[in-house]
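Single-letter residue listing:
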Amino acid sequence: MSDTALNAPWATADRQRVATQFGMWAFLATETLFFGAIFLFYAVARWSHPAGFLAGAREADAWFGSANTIVLLTSSLTMAIAERGVRAGLVALARAMYALTIALGLCFLTIKGFEYAKDISEHLIPGRRFPLAETGASAFWAFYWTVTVVHAIHLTIGLGIVARMLLIPRDRLAARWTTAEGTALYWHLVDVVWVFLYPLLYLAGR
Amino acid sequence: MGDAPEAGLLGREPGERNYLTAGTTVRSWLLTTDHKRIALLYAAGITFFFFLGGAAATLMRAELVTPAGDLLTADEYNRTFTLHGVIMVWFFLVPSIPTTLGNFLLPLMIGANEVAYPKLNLFSWYLWLAGGLLTLFALLAGGVDTGWTFYTPFSTLYSNSHVLLAAAGVFVAGFSSIATGINFIATLHLLRARGMTWMRLPLFAWAMYATSLVMVLATPVLAMALLLLFAERAFGLPIFDPRAGGDPVLFQHLFWFYSHPAVYIMILPAMGVVSEVIACEARRRVFGYEFMVYAMLMIAIIGFMVWGHHMFISGQSPFASLVFSALSFVIAVPSAIKVFNWTGTLYRGQIRFSTPMLYALGFVGLFTLGGLTGLFLASLPLDVHLTDTYFVTAHFHYIMVGGSVSAFFAGLHFWWPKITGRLYSETLGRFAAVSMFFGFNFTFFPQFVLGYLGMPRRYHEYPPEFQAWHVMSSTGAVVLAFAYLWPLCYLGWSLVKGERASDNPHDATGLEWQTRSPPPTDNFAEPPIVTGPPYRYHEEGYAPHAPAAADEPQRP
């Protein structure tokens, strides 16, 4: 999907750009439904056992969650600057911002890793040693683990495609703004999902 | 072959390159981005899966000849029907028409030389193949005993079979479906030829559009449902386990949110094929073209709102059941519009009872019966009596096998000359089409009666009073098996020794017939320009029964 070379079946570069954007938005629609299904699980679990579910939610560490929210929102800012940079032909700025985005993404994963270590040390994995007795508490943690792992996988894939932007030779980066736009759209999706996850995971029990 | 100029082949250079001869190495096939070749790759795959699923069905029908469970144990029977269901749904029916005929024809029909994302198209095939092999491995390693629906909590907590592997296979294949859907939608939006407005699209292209919408919007929900199942079974996270505050019915909601629209993934392409075949073989414009388009879109949209009718007895609230029941009746309206419009197209047509037409007419009859029995199941009180009986089995086989498979064979025969450049034997083809209609009804009509009398599905033993109906059904299955195997012989023969086909043997008006048979790699010598609506089988104002027309020389 490069902008410099015209791929089959497109007759013009403009049309090819439209196609890339079109495909990316269609993909984001599927992602919305994908996460929508697990949010339905959240709604059902919280609605059927409100007290137990929120008792489980109280155990989530809001400090880790809040720190990660700040990190990820900042990475969206750097990503947005990078995308505008590519469009404006500011190659050095764009590359620096991509590098910063990757650094922030890795920072997110690191914080998440420490959070997981703390959760595991408190046995917050549904199972025999799970400390909370209320019905519904383990459902919260089932949601927590599934959704954060799925989100982290999405973020890791995102790191890959941002790294790919850095692999494009400097002199050709400015022509690749459609690719930059697609990359940014994906990264913002990962971010938007987290914007929903933050209140659902960390603020629900407070 | 080809050195003596035959009728319709005049002006053809003997060694002319087409998409089949453009490259002959294995590599040129496995790395192809040509939508026509990818269609054939899929065709090879689904043919394999179709006969594998068919073999499992044969084993089940053999077991059910006698009331005692003498051929298979209960457990083996469970694994056999699960194999049949999983393979037939995800590796045959869902991909069948879209990935083969759809891939081949969609760009040709709209005057494009490729789909929108050719590399993604090839990647879809590999994903689908990987999913298929994973599932196949699960089924060969010992099988799965949950049924194709993977209902919890049995699938997550109790089953001792390879649920995880099979679910992973379906999960992967799902992404192939999503990618194909996005590809088709983008192709239709962005690659239509000059003058090919939306209301000039052939109905098959519209069917692909409606199908792709369902694929793109429903499949991700199945992916998440399977992922949650995976999390519960593999890691013990209590998601569907009621003892820890989970909800097993939630799985059914998520599953059917995909799997009910999935039956429209299976039937909408069939409707597209049949519309093309009936219009051409009756030499008529499609009656009520715009109604046909809107009916397909309505089916795709309302199809998302009826999933609850699979859960009338699962503890869903009575209010929800009422709403789902009402909506399930509503979806019968666009379906009926289509049947009436096909009939309207046939009216005063000059009908050729060719092989594809026989399959298509069979489709209309079987789909009508399948659709009407669907109304029985949409009705709350009747459904309570009929749930999980052979009535349900018969109903959905009328739609999926009688409907989709008939249409698939109709399309296969109709476009065979375009795809392969060869003709098949009409006599043998008609025989296969009639055998299939006969064998199908013989197999599945008795199951309506069985179900109504109370025979539950998914049992390998039954009380002796049901035996007569089961024997009838199994005998019909023999005829049906013949009807499926027989085309392999004469179509295989046609591939090797068949007479060369002209570019437009049916004298059809679609753009795909305006290029060579088989088409060249880039489809059209120059980009086509479309100036009118599809199906111009007789010009405006032409009246075949007018007195003036009676004196004109008759053409066969």
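Please read all numbers here as calculations on a predicted model, not as lab measurements.

Each helix and strand counted, chain A has seven helices and zero strands in total. Shown N-terminal to C-terminal, the secondary structure of chain A runs as helices and strands in the order α-α-α-α-α-α-α. Summarising its shape, the C-alpha atoms of chain A cover approximately 60 × 30 × 25 Å along the three principal directions. Across the 206 residues in chain A, those meeting the buried criterion constitute 51%. The long-range fraction of contacts in chain A, counting pairs at least 24 apart against all pairs at least 6 apart in sequence, stands at 78%. On chain A, roughly 9100 Å² of surface is accessible, and the fraction owed to carbon and sulfur atoms is 70%. Across chain A, the 16 positively charged side chains and the 13 negatively charged ones have centroids separated by 4 Å.

Quick look at the side chain of histidine 35 of chain B now. Residues and elements named next belong to chain B. Within the secondary structure layout, histidine 35 lies in helix α2 (residues 35–63). The exposure class assigned to histidine 35 is buried, which follows from its relative accessible area of 0%. At a separation of 2.7 Å, a polar atom in the side chain of histidine 35 contacts the main-chain carbonyl oxygen of asparagine 103. With residues up to four places along the chain from it excluded, the contact list for histidine 35 reads Asn103, Phe104, Pro107, Leu108, Asn113, Glu114, Val115, Asn121 and Asn523.

Moving on to the confidence of the model for chain B. Residue and element names in this part refer to chain B. Summing up the model confidence of chain B, the mean pLDDT is 92 and the portion of residues at 70 or higher is 94%. The weakest mean pLDDT in chain B belongs to helix α17 (residues 547–550) at 54; the strongest belongs to helix α15 (residues 426–453) at 97. Every residue in residues 1–8 is under pLDDT 50, and counting partners more than four places away or in other chains gives nine contacts. Under the prediction, the complex receives an ipTM of 0.94, its pTM being 0.93.

The next point concerns the nonpolar core. Residue and element names in this part refer to chain B. With 230 residues, the main nonpolar core has Trp90, Phe150, Trp342 and Phe363 as its most contacted residues. Here the element with the most residues in this core is helix α8 (residues 248–281); it accounts for 23 residues. The residues touching phenylalanine 363, leaving out its near neighbours within four places in the chain, are Ile267, Ala270, Met271, Val274, Trp342, Thr368, Gly402, Gly403, Ser404, Ser406 and Ala407.

Here the focus is the pattern of salt bridges. Under the definition given, this model contains 14 salt bridges over all chains. Taking the shortest distance from any N to any O, the salt bridge between aspartate 507 of chain B and arginine 283 of chain B comes out at 3.6 Å. Residue aspartate 507 of chain B is located in the loop between α16 (467–497) and α17, and its partner arginine 283 of chain B is located in the loop between α8 and α9 (289–302); the two are separated by 224 residues in the primary sequence. In this structure arginine 283 of chain B comes out as buried when scored by relative accessible area, which is 14%. The partner of arginine 457 of chain B in a salt bridge is aspartate 388 of chain B, and the shortest N-O contact between them spans 3.7 Å. One end of the pair, arginine 457 of chain B, is in the loop between α15 and α16; the other, aspartate 388 of chain B, is in the loop between α13 (380–386) and α14 (390–420), and 69 residues separate them in sequence. Exposure remark for arginine 457 of chain B: the relative accessible area of 17% places this residue in the buried category. Residue classification places aspartate 388 of chain B among the partly exposed residues on the basis of a relative accessible area of 43%. It is possible to trace a salt-bridge network through shared partners that takes in Glu83, Arg84, Arg87 and Glu181 of chain A.

Attention shifts here to helix α3 (residues 74–109) of chain B. Residue and element names in this part refer to chain B. The first and last C-alpha atoms of α3 sit 49 Å apart over 36 residues, in line with the 52 Å expected at 1.5 Å per residue. Largest kink in α3: about 60°, centred on proline 95. Across the 36 residues of α3, 31 count as buried, placing the element largely inside the fold.

Residues and elements named next belong to chain B. Of note, glycine 402 is situated in helix α14. Judged by its relative accessible area of 0%, glycine 402 is buried. When the C-alpha atoms of glycine 402 and phenylalanine 363 are compared, they prove to be 6.3 Å apart, with 39 residues separating the residues in sequence. With residues near it in sequence (within four places) discarded, glycine 402 still touches Phe363, Leu366, His397 and Phe440.

Gaps left between atoms show up when a probe the size of a water molecule is rolled over them. Its boundaries defined by the atoms lining it, the largest pocket holds a volume of some 1800 Å³. What lines the largest pocket is a set of 46 residues, among which Phe27, Ile157 and Tyr186 of chain A together with Leu120 and Phe123 of chain B lie closest to the centre. Those elements giving two or more residues to the lining of the largest pocket turn out to be α1 (13–48), α5 (137–167) and α7 (177–203) of chain A together with α4 (118–140), α6 (163–190) and α7 (203–235) of chain B. Among the residues forming the lining of the largest pocket, the class breakdown is 33 nonpolar, ten polar and three charged.

Further remarks concern the confidence of the model for chain A. Low pLDDT marks stretches whose predicted atomic positions should not be read closely. Here chain A averages 93 in pLDDT, while 98% of its residues score no lower than 70. Per-residue pLDDT, averaged within each element of chain A, yields its smallest value for helix α6 (residues 170–173) of chain A (90) and its largest for helix α4 (residues 91–121) of chain A (97).

In this assembly, 30 residues from chain A lie in contact with 33 residues from chain B. Contact between chain A and chain B buries roughly 2600 Å² in total, counting both sides, with carbon and sulfur atoms accounting for 79%. Linking chain A with chain B are zero salt bridges, by the criterion used here. Where chain A touches chain B, the interface holds three residue pairs in polar contact (both at pLDDT 80 or more). Elements represented by at least two residues in the side of chain A that touches chain B include exactly α1 and α5 of chain A. In terms of residue count, the dominant contributor to the side of chain A that touches chain B is α1 of chain A (16 residues). Each residue belonging to the side of chain A that touches chain B can be placed in one class, and the counts come to 21 nonpolar, eight polar and one charged.

All names here are of chain B. Across the interface, α3 lies against α6 with an axial gap of 11 Å and an inter-helix angle of 25°. Taken together, the axes of α3 and α6 are roughly parallel relative to one another. Between α3 and α6 lies a crossing of left-handed hand. Residues Val86, Trp90, Phe91, Val94, Pro98, Gly102, Asn103 and Leu106 of α3 lie in contact with α6, whose contacting residues are Gly169, Val170, Ala173, Ser177, Phe184 and Leu188. Per-class residue counts for the contact of α3 with α6 are ten nonpolar, four polar and no charged.

Moving on, we get to the environment of isoleucine 529 of chain B. Residues and elements named next belong to chain B. Its place among the elements puts isoleucine 529 in the loop between α16 and α17. The exposure class of isoleucine 529 is exposed, given its relative accessible area of 52%. Remark: the alpha-carbon pair of isoleucine 529 and methionine 196, spanning 333 residues in sequence, is separated by 7.5 Å.

Let's shift gears to the environment of arginine 95 of chain A. Residues and elements named next belong to chain A. Along the polypeptide, arginine 95 turns up in helix α4. Spatially, the C-alpha atoms of arginine 95 and isoleucine 125 are 40 Å apart, while their sequence positions differ by 30 residues. Other than its neighbours up to four places away in sequence, arginine 95 contacts Leu166, Ile168, Arg170 and Leu173.

Below, the discussion takes up empty space enclosed by the protein. Residues and elements named next belong to chain B. Summed over the entire model, instances satisfying the criterion amount to three cavities of 30 Å³ or more. Of the voids in this model, the largest cavity is the one considered here, and its volume is about 100 Å³. Around the largest cavity sit Trp90, Val94, Pro95, Thr99, Trp128, Val170, Ala173, Gly174, Ser176, Ser177, Met215 and Tyr258, which together line it. Those elements giving two or more residues to the lining of the largest cavity turn out to be α3 and α6. Of all the elements, α6 adds the most residues to the lining of the largest cavity, at five residues. Here the lining of the largest cavity is composed, by residue class, of eight nonpolar, four polar and no charged. Estimated volume of the second largest cavity: approximately 60 Å³. Residue lining of the second largest cavity: Glu276, Cys280, Phe414, Trp415, Ala508, Thr509, Gly510, Glu512, Trp513, Tyr535 and Tyr537, and that is the complete set. Among the secondary structure elements, those contributing two or more residues to the lining of the second largest cavity are α8 and α14. Looking at side-chain class alone, the lining of the second largest cavity contains seven nonpolar, two polar and two charged residues.

Each value, and the rule that gives it
Residues numbered from 1 in each chain as written. Chains lettered and ligands numbered in written order. Predicted model: local features only at pLDDT ≥ 70, side-chain atom pairs only at ≥ 80, totals over all residues. Heavy atoms only, no water. Helix = DSSP H or I, 4+ residues; strand = E, 2+ residues; numbered from the N terminus. Buried < 20%, exposed > 50% of the residue type's maximum accessible area, 1.4 Å probe, protein only. Contact = heavy atoms within 4.5 Å. Areas by Shrake-Rupley, 256 points an atom, 1.4 Å probe, with all protein chains shown as cover. Lys, Arg positive; Asp, Glu negative; His and termini not counted. Charge placed at Lys NZ, Arg CZ, Asp CG, Glu CD. Polar contact = N/O pair within 3.5 Å; in protein donor to acceptor, adjacent residues only side chain to side chain. pLDDT = per-residue confidence, 0-100. Core = buried A, V, L, I, M, F, W, Y, C linked by side-chain atoms within 4.5 Å. Salt bridge = Lys/Arg side-chain N within 4 Å of Asp/Glu carboxyl O. Expected span 1.5 Å × (residues − 1). Bend = angle between axes of the 7 residues up to and from the residue. 1 Å grid on protein atoms, 1.4 Å probe; cavity = no way out; pocket = protein on both sides within 12 Å on 5 of 7 lines; lining within 4 Å. Points joined across faces, edges and corners; volume = space filled by probe spheres on them. Nonpolar A, V, L, I, M, F, W, Y, C, P; charged D, E, K, R; others polar. Buried area = accessible area lost by both parts, 1.4 Å probe. Axes fitted to C-alpha atoms, helices over the stretch in contact; angles between N-to-C directions. Parallel < 35°, antiparallel > 145°, perpendicular 65-115°, else oblique. Left-handed = near helix turned anticlockwise from the far one by under 90°.

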